[in-house]
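Single-letter residue listing:
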Amino acid sequence: MSAHLRHLRYVMGENPVTLFSFVLFFLLLALGLFGPWLAPYDPLASDTANALKPPSWAHPFGTDNLGRDVFSRVITATRLDLAISVAAVSLSFVAGSVAGVCAGYFGGVTDKLISRLTDTIMAFPLFVLAMGIVSALGNTIENIVYTTAVINFPFYARVARAEANSRREAGFVEAARLSGNGHGRILLFHMGPNIMPPMMVQISLNMGYAILNAAGLSFIGLGVRPPTPEWGIMVAEGAKFIVSGEWWLAIFPGAALMLAVLCFNLLGDGLRDLIDPRMRT
Amino acid sequence: MESRNPLLAVDNLSLEFRTRTGVVKALENVSFEIEKGQTVGVVGESGSGKSVMSYAIMGISDPAARITSGRIVFGGISLFEKSGQELQEMRGREISMIFQSPRTALNPIRTIGSQLEDVIYRHSSFRGRQIRGRALDLLNQVHIPDPEKRYHAYPFELSGGMCQRVMIAIAISSNPWLLIADEPVTGLDVTTQAAIMDLIKDAARERNMGTILITHDLGLAAEYCDRIIVMHSGHVVEVADTEHLFMRPRHPYTAKLIGATPNASRDLAELSSIPGNLPDLRAELPACRYSERCEHLKEDCLEPPLPRLETEAGHLVACRYPL
Amino acid sequence: MKGDSLLLIGRRLLQAAPVVMGIIVVTFILTRALPGDPAVFFAGPAADEKSIAEIRASLGLDKSWPEQFWVYLQNLARGDLGKSISTGQPVMEEIATRLPASLELTLMGLLLAVAIAIPLGILAATRPNSFVDHLCRLVVTIGVSLPTFFTGLFLVYIFYFLLGLSPAPLGRLSIIHISPDHVTGFYLIDSLIAGDLEVFRAALSQMILPASTLAIFALAPLARMTRAAMLGVLSSDYVRTARASGLSSRTVLWVYAFQNAMLPVLTTLGMVFSFLLGANVLVEKVFAWPGIGSFAIEALIASDYAAVQGFVLAMALMYVLLNLAIDILYTVVDPRIGLEG
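Residues numbered from 1 in each chain as written. Chains lettered and ligands numbered in written order. Predicted model: local features only at pLDDT ≥ 70, side-chain atom pairs only at ≥ 80, totals over all residues. Heavy atoms only, no water.

Asks: Can you explain the overall build of chain C? Please cite residues and give values.
Replies: What chain C contains, in helices and strands, is 13 helices and zero strands. In chain C, the succession of α and β elements from N to C terminus is α-α-α-α-α-α-α-α-α-α-α-α-α. Dimensions of chain C, computed from C-alpha atoms along their principal axes, come out at roughly 85 × 55 × 40 Å. Looking at chain C as a whole, 49% of its 341 residues are labelled buried. Taking the contacts inside chain C whose residues are at least 6 apart along the sequence as the reference set, 73% of them involve residues at least 24 apart. Of note, chain C has its 21 positive side-chain charges centred 12 Å away from the centre of its 23 negative side-chain charges. (Helix = DSSP H or I, 4+ residues; strand = E, 2+ residues; numbered from the N terminus. Buried < 20%, exposed > 50% of the residue type's maximum accessible area, 1.4 Å probe, protein only. Contact = heavy atoms within 4.5 Å. Lys, Arg positive; Asp, Glu negative; His and termini not counted. Charge placed at Lys NZ, Arg CZ, Asp CG, Glu CD.)

Asks: How would you summarise unusual backbone geometry if you had to cite specific residues and measurements?
Replies: The step from proline 226 of chain A to proline 227 of chain A runs through a cis peptide bond, and the omega angle for that step is 5 degrees. By the secondary structure assignment, proline 227 of chain A is in the loop between helix H8 (183-219) and helix H9 (231-242). Following proline 304 of chain B, the chain continues to proline 305 of chain B via a peptide bond in cis, the omega torsion being -5 degrees. Considering the arrangement of structural elements, one finds proline 305 of chain B in the loop between helix H11 (252-260) and strand S11 (309-312). The phi torsion at asparagine 12 of chain B lies on the positive side, around 55 degrees, for a residue other than glycine. Mapped onto the elements of the fold, asparagine 12 of chain B is located in strand S1 (residues 8-19).

Asks: An account of the packing of aromatic side chains is needed here, citing residue identities and associated values.
Replies: Enumeration over the complete set of coordinates arrives at 25 aromatic pairs over all chains. With 4.9 Å between their ring centres and 70 degrees between their planes, phenylalanine 28 of chain C and phenylalanine 69 of chain C make a pair best called edge-to-face. Of the two residues, phenylalanine 28 of chain C sits in helix H1 (residues 2-32) while phenylalanine 69 of chain C sits in helix H4 (residues 65-77), which places them 41 residues apart along the sequence. In terms of burial, phenylalanine 28 of chain C and phenylalanine 69 of chain C fall into one category: buried. Taken together, a centroid distance of 6.4 Å and an interplanar angle of 65 degrees make the contact between phenylalanine 217 of chain C and phenylalanine 275 of chain C edge-to-face. Linking phenylalanine 217 of chain C in helix H9 (residues 197-234) with phenylalanine 275 of chain C in helix H11 (residues 249-286), this pair joins segments that are 58 residues apart in sequence. Here the aromatic residues Phe61, Phe71, Trp247, Trp248 and Phe252 of chain A together with Tyr157 and Phe161 of chain C are joined through ring pairs into a cluster of three or more. When the ring centre of tyrosine 151 of chain B is taken as origin, the NZ or CZ atom of arginine 132 of chain B, which lies over that ring, is 4.5 Å away. Lysine 285 of chain C extends its terminal NZ or CZ atom over the ring of phenylalanine 219 of chain A, reaching a point 5.6 Å from the ring centre. (Phe/Tyr/Trp six-rings, centres within 6.5 Å; stacked < 30°, edge-to-face > 60°. Lys NZ or Arg CZ within 6 Å of the ring centre and 35° of its normal.)

Asks: I'd like to hear about the pattern of salt bridges, residue by residue, with values.
Replies: As enumerated under the stated definition, the model contains 24 salt bridges over all chains in all. Arginine 158 of chain A serves as the salt-bridge partner of aspartate 119 of chain A, at 3.0 Å between the closest nitrogen and oxygen. Here arginine 158 of chain A lies in helix H6 (residues 141-167) and aspartate 119 of chain A lies in helix H4 (residues 108-122), a separation of 39 residues in the sequence. Between arginine 227 of chain C and aspartate 133 of chain C there is a salt bridge, and its shortest N-O distance comes to 2.8 Å. On the criterion of sequence distance, the pair formed by arginine 227 of chain C in helix H9 and aspartate 133 of chain C in helix H6 (residues 131-145) is long-range, its members being 94 residues apart. Residue classification places aspartate 133 of chain C among the buried positions, given a relative accessible area of 1%. What emerges from the salt-bridge pattern is a single network uniting Asp64, Arg68, Arg73 and Glu237 of chain A. (Salt bridge = Lys/Arg side-chain N within 4 Å of Asp/Glu carboxyl O.)

Asks: Describe the interface of chain C and chain A, naming the residues involved and giving the relevant values.
Replies: Of the residues lining the interface, 47 residues belong to chain C; the matching set on chain A comes to 44 residues. With both chains or domains summed, chain C and chain A bury close to 3800 Å², and 80% of this area falls on carbon and sulfur atoms. The tally of links from chain C across to chain A stands at one salt bridge. Here arginine 224 of chain C makes a salt bridge to aspartate 269 of chain A, at a shortest N to O gap of 3.7 Å. Across the chain C-chain A interface, the total number found is three residue pairs in polar contact (both at pLDDT 80 or more). Counted by class, the side of chain C that touches chain A contains 37 nonpolar, seven polar and three charged residues. (Buried area = accessible area lost by both parts, 1.4 Å probe. Polar contact = N/O pair within 3.5 Å; in protein donor to acceptor, adjacent residues only side chain to side chain. Nonpolar A, V, L, I, M, F, W, Y, C, P; charged D, E, K, R; others polar.)

Asks: How would you summarise the sheet that holds strand S5 (residues 77-78) of chain B if you had to cite specific residues and measurements?
Replies: Strand-to-strand pairing in sheets goes through backbone hydrogen bonds, with the strands running parallel or antiparallel. Residues and elements named next belong to chain B. With antiparallel pairing, four strands are arranged side by side in an open sheet as S2-S1-S4-S5. The open sheet terminates on both sides in strands that have one partner only, identified here as strand S2 (22-34) and S5. When S1 meets S2, the two strands line up antiparallel, connected through nine bridges. Bridge pairing in S2 links glutamate 16 to lysine 25. (Pairing = 2+ DSSP bridges.)

Asks: Explain the sheet that holds strand S9 (residues 227-232) of chain B residue by residue, including any values.
Replies: All names here are of chain B. Pairing is mixed in the open sheet, where eight strands are placed in the order S6-S7-S8-S3-S9-S10-S12-S11. The two strands at the open ends of the sheet, each matched to only one other strand, are strand S6 (95-98) and S11. Taking the axes of each pair of neighbouring strands and ignoring which way they run, one obtains an average angle of 20 degrees across the sheet. Summarising the sheet, strand S10 (residues 235-241) and strand S12 (residues 315-317) pair through two bridges and their orientation is antiparallel. Bridge pairing in S12 links glutamate 238 to valine 317. The sheet contacts of helix H8 (residues 190-207) involve S6, strand S7 (178-182) and strand S8 (210-215), and relative to S8 the element is tilted by about 155 degrees. (Axes fitted to C-alpha atoms, helices over the stretch in contact; angles between N-to-C directions.)

What follows is the structure, encoded as structure tokens:
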């Protein structure tokens, strides 16, 4: 374990970018957890006298067309944005791991079925499929979560399948089988822990995409409804004002979104270096 | 040693790699000569610098490589004084090289005919249909059956031996003066090995071409080479005519290498392996890089300079206490 | 050789069949997964039991699922994707009239991305740790993190509001221009065919910002793959052979390295196209582009499900077609492909 920590410190020292992404990650986490208390104003309170004011000391990110404080709204939105993507990624992680490990371990028909399913999902342009699923399931936040989970499912299933497949004949699995463990136990206690590292990398690489996807859906008016503060919808609402020069309405939530995605992408790259230095590009 | 005008003279060549984890001193004061028509074997374990040296002669070293001292003189002209353009034109025309694993050494998505044509076009005055004629002629010379048909084949459609024949055809297309063969038969089956080696030997004899045969197989070197250079950890430890070297190896490493090579006349049980590994070339090293593995180590062996003794005419050894 | 290629292409086409079937099944399921009773939904709030039952029968919803699927297949074969409830037009027609706008934009974005990403990746790979290499890494990292709609708005702010270089982000052509006669549906091409340079310029100026937005999005994966593939190929045995044979740097780089490096890039191109089809929807919204993306968004908001599912199907089929084209191209370019499969 201490070797891992030392390696971690080495990677951090070697790579200030990863360090930066860690700092950003904890900032996001803090905003997600304590956002409502950190926001200087009520994110929903309108103040029409102070509408469309550019950034100032009182309102660092300016105010929107209803006089709401953009800074407070951006901060408060962190929780919802992260919650949607964390929930979606957790769902696809669990479903993808189970399906993938079963496909890789059992092979045969199970493998064929699950592979056919992932192939079919991947045959769609994923964002377009997400739009189709939301329209079929109904336009709610929960359905945004399910949809995002569905389109990310293949990534996890494929990694888990490949990892399980390569370990199917491994010594420790064979040993567990010979000592009388059932398939369930083998999968849970022997396969599971072994496929975790690559799955963790997949999570952090996928998280950014999940955030982008969810924000994209709310940008086109699905899921989250105004006046709920959420980055995608805030950019959508602010878009009208860009052409007249009130840039702060859309740019700040957009930048927050970008930083969040950047953070997870960098984290994913860093984690991949940490776990598998050979995959460096 | 009647001629004092060697085809190739490598003189005190040192080369290092700059890497993130330190400077690797891959070659140190490497010197040797090759005469026209002579076949010289370079033997040593992997990592001893054989390939690095041949890339340096070709001028195709890795970008991280830096030559820190010495000269390479080919046909009386120092290669380091030539421009990149001149070196490029010299490669494949005056010095050619063939490699290990011929199937990956050829472009996978280009027919062998086109690859041969690329080189002929580059180095000859043949144009148009003459190029194809020359290419077919070369494929015939390296005994490729049915060259008309093979002409349009891709490397993956041919066996390793066939690909190596194509490589040889490419290499000799401009009748070079020097051919460097880097482990040319490693990984091929035994009968193919002999056929390929004979092909190289005949091609060299017909053209009075100098040949450097890089190999870890001492038996192969013994069979085909006039002279042998033994390398260890970036040093040339012994140079001698083949017969001399086998009759009386003077460097402990050479003696061990000869002992490690299975020989029909000797019992396999006597086969001695060489203890220890190659030293880490990033570290500060003693003058003699074999000292760590040497059974005859004496205290002053670690002191520079590394000697180069001529124990008899043409037999050089880099050891203070030759056997 | 030639016959083999044709055979392989035929096999690819056959392999695409189950994928297309999967897509049709999924879109069928999506059309049936509508919450509540579609018939009630279609009949409207004022309908009584009888009219709902009539609508159910007219929609074929009273039949069993396999029967419904059969009907769905027959309709598809006839190019019938149902009617859009918001416009009253057949969905097929709506999509067909709007497709060229989307396709023109997407292809332009892809073209721009390829034109920048591939040289960038090559330069980065041939000059490791140089300025270009660092630039490439920066572009790759930032590029994948930028939400397309954010990039689009940002560009609008800079180039329209601040600098005034671009026209207002309002569609394919400003109202003072008349769209060129329909030949291909691509304004850039049609205006050239009509010989109307004025319209061509106007269409191009409307196109630049949205196409750049898409290009910035598509740039990252392409540049990343080009760089990685080039690095791999440049250290390959056959490039070493080519160098040792004294081939000119140009031949080594373009004939030996580049052609091999483009194979994985070609595969990436398919994936990038998939992302672009999604990103296109967002960009169309930002730039009020009258393509199928905008149409789908309107349909989504209006719960016009036939239109949305038609859109999903059309996009998926387009993606399959592109992948097929890439596969076929691959078969032609890479002689080894016949070995597998």
